[in-house]
Amino acid sequence: MTPISPSGGLRAVVLSPATRLRGPSTTSSAPAGQRIGLVTGGGLVGVLDPERGLRGLWRETEPWAGGMRVTMGSRPLWPSGGLRSDAGGWTRTLSDPEGNELREDGLLPDVLPVLVMQWSVSEHAGRGRELAVELKTPGASPPLRVTLSVSPAAPAVLAVFPEGLDPERVRRLLQPLRARELQRASRAAKALEPEFQIEVDEHPEAAVAHSLLLLDGAPLSLGVDGAPTQPFLAGFRSGAPCFLSGTALSEVALGALPTGRTGLAHAALEALAREGEPPAIPFLYLAAEWALWTGEPRALLPIWDELVQAVERAGQEPSPPAAFPSLSVTLNQLRAGIEPLGPHYQLPEPPIQLEGDDGFSSSKRIRLPLAGEPSPTKAADPGKQLQRAVLPAPDSFTDPLGPGVLPRRTLQGGRILRAWVEGRLGARPDVSYGRLRLGPQLHRGWKRFRLQGMRAGEGSVSLDYRRSGATCTFLLRQEGGRVPMNLVFEPWIPFSRVDQVLLGGDRADVELQPNRGGVEIHLQFPLDPERRIRIVGAI
């Protein structure tokens, strides 16, 4: 390990060529036409440009390093292949005038705030080459300049980090670099198959995949001295990354819970508690949804005092944002979630009169605002505001990786996931008591719809819908979990009438209710291990 003299608060070490980077997956976080990509790790945010590579590095809202320039043998290099990036790294290909190709891999490991870069040349490049790397530093300090040797047999590996970080500690932590890269998978759903996915007419929903990518890319780590960093990257505005807090932080976590990203949701809860006086209803509602989706209310005990304080001040705050229910609904949801804790954990009564709600109503859903919409929808009576309305269809939201939503892309991703799960699928959990409600709203034009990997407690639920003429079939499965979930199934079918409902091979006596030009079906059964429902009617 060769140390490099510090510059502008940064220093660098040249690592052994035996330390090789794996590079990102083939999934790209920067689609065609996207000019800026973001990667995260160790509390850092890297800003990428498909043409120029690393444009800047930020530590929360402070610039940590500027753009980077790489030359080989004093010859300029230019991009000859697309930029591929994932949550914590990138890969791009550069060429010199002689046609020699240089592959650049970058990594922001989760373990500490370090930028690791590797350059390698192909076998036909022949002899070794000399690389000159120049990394701009904030302010008027001179750039950090490093000279490295690279050959087909020995790639050049460089680590850049704050001047106050011990180089020996950097070396020790980066030695098993491949293992550290693989450790990044812990950000996503825990070893649960299948991964959360939605398909419509045999085509995966790209916006759902992009939303999950953004959630997995949220910086979740500690600073050098163990201080927590801001955990969620919102997007990029005015040349700098911006972070989520308050209501937006709660919305993203609500989208993460049913996809199995419970670590991310719990980090959001802790971050909200650290805000001092977070917005009461978003904070309380996230706590309620945590308990109901995971069945682990004891995880709320470390922030119990903050939850009690939020209840006590809830009546003094303005009306809840459009993305959240009323205080009465929120508290009933939270009381249902913490009920397994027993009588020793009781929430105080808020200083206002509450309206009743059972907390598990099949006919009520939360509404999310569309982009740019300032206030909740009003009820028919202008003197009363709707406490709950219907979530907009998921296609009301543009793709979270589109250039138009760059400043709020992670928030957009969370809203898309929530619109699918709470809105289109009508999912309401109560995992502590083994109950899950699904009320999917099937589009008239769909021939097939598929959901897989929706996490509920220790298991996951999948749904497969097929329609042919006036006959449709549902296949529902539960994977994992110690006991079968008791499923309250209330789909809306785009038929003018329903003549027959078969559960397995047996005719089922179910409740049918005409609604909005279709029929809503109500039935309940344990999900052990799968159930097939066949519905025959008329279009």
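What counts as what
- Residues numbered from 1 in each chain as written.
- Predicted model: local features only at pLDDT ≥ 70, side-chain atom pairs only at ≥ 80, totals over all residues.
- Heavy atoms only, no water.
- Core = buried A, V, L, I, M, F, W, Y, C linked by side-chain atoms within 4.5 Å.
- Buried < 20%, exposed > 50% of the residue type's maximum accessible area, 1.4 Å probe, protein only.
- Helix = DSSP H or I, 4+ residues; strand = E, 2+ residues; numbered from the N terminus.
- Pairing = 2+ DSSP bridges.
- Axes fitted to C-alpha atoms, helices over the stretch in contact; angles between N-to-C directions.
- Polar contact = N/O pair within 3.5 Å; in protein donor to acceptor, adjacent residues only side chain to side chain.
- Contact = heavy atoms within 4.5 Å.
- pLDDT = per-residue confidence, 0-100.
- Parallel < 35°, antiparallel > 145°, perpendicular 65-115°, else oblique.
- Left-handed = near helix turned anticlockwise from the far one by under 90°.
- Nonpolar A, V, L, I, M, F, W, Y, C, P; charged D, E, K, R; others polar.
- Salt bridge = Lys/Arg side-chain N within 4 Å of Asp/Glu carboxyl O.
- Phe/Tyr/Trp six-rings, centres within 6.5 Å; stacked < 30°, edge-to-face > 60°.

A. View of the nonpolar core. Formed by 92 residues in total, the largest nonpolar core has its most connected members in Leu 300, Leu 438, Phe 449, Phe 474, Leu 476, Phe 489 and Ile 535. Among the elements that line this core, the one with the most residues is helix H6 (residues 280-294), at 11 residues. Membership of the second largest hydrophobic core comes to 33 residues, among which are Leu 77, Leu 94, Val 146 and Val 150.

B. Region of interest: the sheet that holds strand S7 (residues 68-72). Strands sit in the order S8-S7-S14-S15 across an open sheet of four strands; the sheet is antiparallel. Looking at the sheet topology across the chains shown, the edges are occupied by strand S8 (75-76) and strand S15 (144-150). As paired elements, S7 and strand S14 (residues 129-135) share five bridges and run antiparallel to each other. By the bridge assignment, Val 70 is partnered in S14 with Val 133.

C. Spotlight on the sheet that holds strand S5 (residues 53-59). Taken in spatial order, the four strands of this open sheet run S3-S4-S5-S6, and their pairing is antiparallel. Strands with a single pairing partner mark the edges of an open sheet, and in this sheet they are strand S3 (37-41) and strand S6 (62-65). Taken over all neighbouring pairs, the strand axes of this sheet differ in orientation by 30° on average, direction set aside. Note that strand S4 (residues 44-49) and S5 share six bridges and pair antiparallel. Bridge pairing links Val 45 to Trp 58 in S5.

D. Just the side chain of Glu 104, in detail. Relative to the assigned elements, Glu 104 resides in strand S12 (residues 101-107). Looking at Glu 104, the relative accessible area reads 0%, which means it is buried. Among the polar contacts made by the side chain of Glu 104, one reaches the side chain of Trp 90 at a distance of 3.0 Å. At 3.1 Å, the side chain of Glu 104 forms a polar contact with the side chain of Trp 119.

E. Representation of the pairing of S14 in the model. Side chains Arg 129, Leu 131, Val 133 and Leu 135 of S14 all project onto a buried face; the interleaved residues Glu 130, Ala 132 and Glu 134 project onto a face where none is buried. Summarising the sheet, S14 and S15 pair through seven bridges and their orientation is antiparallel. Of the residues in S15, the one forming a bridge with Val 133 is Val 146.

F. Layout of the environment of Phe 525. Here Phe 525 lies in strand S31 (residues 518-526). Separated by 37 residues in sequence, Phe 525 and Val 488 place their C-alpha atoms 6.8 Å apart. When near neighbours in sequence (up to four residues on either side) are disregarded, Phe 525 contacts Leu 476, Met 485, Asn 486, Leu 487, Phe 489, Leu 503, Arg 531 and Ile 533.

G. How the structure looks around the confidence of the model for the protein. Per-chain confidence: the protein averages 79 in pLDDT, with 81% of residues scoring 70 or above. Element-level pLDDT for the protein is lowest in helix H2 (residues 177-183), with a mean of 53, against a maximum mean of 94 in H6. Within the model, the stretch residues 26-33 combines pLDDT values under 50 with 12 contacts to residues more than four positions away or in other chains. With pLDDT under 50 throughout, residues 357-389 is counted as low confidence; its partners more than four residues away or in other chains account for 81 contacts.

H. Local environment of the packing of helix H4 (residues 246-256) against helix H5 (residues 262-274). Between H4 and H5, the least distance of the axes is 8 Å, while the angle of their chain directions is 160°. Of the possible angle classes, the one that applies to H4 and H5 is roughly antiparallel. Of the two elements, H4 crosses H5, and the hand of that crossing is left-handed. Contacts between H4 and H5 involve Gly 246, Leu 249, Ser 250, Val 252, Ala 253 and Ala 256 from the former and Leu 264, Ala 265, Ala 268, Ala 271 and Leu 272 from the latter. Grouping the amino acids of the contact of H4 with H5 by side-chain chemistry returns nine nonpolar, two polar and no charged.

I. Up close: the pattern of salt bridges. Scanning the entire structure with this criterion turns up 15 salt bridges. With a shortest N-O distance of 2.7 Å, Arg 415 and Glu 251 are connected by a salt bridge. In this pair, Arg 415 is assigned in helix H9 (residues 409-424) and Glu 251 in helix H4, connecting sequence segments 164 residues apart. Glu 251 shares its class with Arg 415; the two are buried. Residues Arg 435 and Asp 430 are paired through a salt bridge, measuring 3.7 Å at the closest nitrogen-oxygen approach. Asp 430 gets classed as buried once you look at its relative accessible area, which sits at 9%. By sharing partners, the salt bridges in this structure join Glu 202, Arg 448, Asp 464 and Arg 466 into a single network.

J. Here's a closer look at the side chain of Thr 259. Residue placement: Thr 259 occurs in the loop between H4 and H5. Judged by relative accessible area, which is 1%, Thr 259 ranks as buried. A polar side-chain atom of Thr 259 sits 2.8 Å from the main-chain carbonyl oxygen of Ala 256.

K. A look at the packing of aromatic side chains. Enumeration over the complete set of coordinates arrives at eight aromatic pairs. Relative to Phe 324, the ring of Tyr 285 lies with its centre 6.2 Å away and its plane at 85°, an arrangement referred to as edge-to-face. Separated by 39 residues along the polypeptide, Tyr 285 in helix H6 and Phe 324 in the loop between helix H7 (304-314) and helix H8 (327-338) bring together distant segments of the chain. Residue class for Phe 324 comes out buried when judged on its relative accessible area of 3%. Summarising the aromatic geometry, the rings of Phe 489 and Phe 525 are spaced 6.4 Å apart at their centres and angled 65° between planes, so their arrangement reads as edge-to-face. Taken together, the residues span a long stretch of sequence, with Phe 489 in strand S26 (residues 486-489) and Phe 525 in strand S31 at a distance of 36 residues.

L. Seen up close, H7. Residues of H7 that are buried include every one of Trp 304, Leu 307, Val 308, Ala 310, Val 311, Arg 313 and Ala 314, and no others. Against H6 and H8 lie the buried residues of H7.

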